[in-house]
Amino acid sequence: MATWSNFNYQNSASPLMEQIIFFHDHTLIILIMITILVAYLMINLFFNKYINRFLLEGQMIELIWTILPAITLIFIALPSLRLLYLLDELNSLLITLKSIGHQWYWSYEYSDFSNVEFDSYMIQNNENSNFRLLDVDNRIILPMNNQIRILVTATDVIHSWTIPSLGVKIDANPGRLNQTSFFINRPGIYYGQCSEICGANHSFMPIVVESISMKNFINWINNHS
């Protein structure tokens, strides 16, 4: 989860989030190079005394400063397109989780199992909660090292099911069923929130995913069926 003075991404818990971080670093390096080059040229422009009263055109330099940005954009666009296709991949799905957004809580249904559904409310400050405004009374329990599909919708207004550590952000629209998938590669507890501001007092709709082994997940399902 995010901590104080953390300017970087949260530690990834899925391969997709790792790819997002790699792409962010790749783009950031290109932006730093462009910034340094432009700053260097502007400083030179301020302090040199080059003048030419009869200079009317410079076709070669115009050709260069048209082609170089185009090449730079290609270096950004190709990894970006690759990442977009990776985010839409749905392969070897094991479990389907359905998430329904309400004001101001989430409902979850495990579609592959009968009678496994519950509501998830934020724990109030006066109760035993580990993190203020982030913990819930019923966590999502999912097995690690398995591909998981999530179906997201809403009953009232637009919500957004977002967990940064897993690289998942998908909108929940009333009357529409959106889907995505993710792969949790280590055990742990991962926190997120609805990232839409879609109503009064709607600052917080926390999401908590607990990743456990397949054996413990099967025992949890048997206890809740």
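- For the chain, an unreviewed UniProt entry supplies the name Cytochrome c oxidase subunit 2 and the organism Dione juno.
- Under the UniProt heading Catalytic activity (unreviewed entry), the note attached to the chain is "4 Fe(II)-[cytochrome c] + O2 + 8 H(+)(in) = 4 Fe(III)-[cytochrome c] + 2 H2O + 4 H(+)(out)".
- Its UniProt record gives the chain the following Sequence similarities (unreviewed entry) comment, quoted word for word: "Belongs to the cytochrome c oxidase subunit 2 family."

### A look at helix α3 (residues 214-224)
Then comes step 1: Among all positions of α3, only Phe217, Trp220 and Ile221 are buried. Buried residues in α3, looked at end-on, bunch into an arc of 100°, giving them a common side. Opposite the packed face of α3, turned more than 90 degrees from it, sit the exposed residues Lys215, Asn222 and Asn223.
Then comes step 2: Contacts from the buried residues of α3 go to β1 (93-102), β2 (105-110), β3 (117-120), β4 (140-143) and β10 (206-212).

### Some details on the UniProt feature "transmembrane region" (unreviewed entry) in the chain
Then comes step 1: UniProt marks residues 20-43 and 63-87 with the feature "transmembrane region" (unreviewed entry), using the numbering shown here.
Then comes step 2: The span residues 20-43 shows a helical share of 100% and a strand share of 0%, and its end C-alpha atoms are spaced 34 Å apart.

### A closer look at the pattern of salt bridges
Then comes step 1: Tallied over the full model, the rule gives three salt bridges.
Then comes step 2: Ionic pairing is found between Glu210 and Arg139, a salt bridge with its closest N-O pair at 3.5 Å. Of this pair, Glu210 sits in strand β10 while Arg139 sits in the loop between β3 and β4; the two residues are 71 residues apart in sequence, bridging distant segments of the chain.
Then comes step 3: Look at the salt bridges and you will find they share partners, linking Asp135, Arg139 and Glu210 into a network.

The rules behind the values
- Residues numbered from 1 in each chain as written.
- Predicted model: local features only at pLDDT ≥ 70, side-chain atom pairs only at ≥ 80, totals over all residues.
- Heavy atoms only, no water.
- UniProt positions renumbered as here; feature names shortened; annotations may be inferred.
- Buried < 20%, exposed > 50% of the residue type's maximum accessible area, 1.4 Å probe, protein only.
- Helix = DSSP H or I, 4+ residues; strand = E, 2+ residues; numbered from the N terminus.
- Arc of directions from axis to C-beta.
- Contact = heavy atoms within 4.5 Å.
- Salt bridge = Lys/Arg side-chain N within 4 Å of Asp/Glu carboxyl O.

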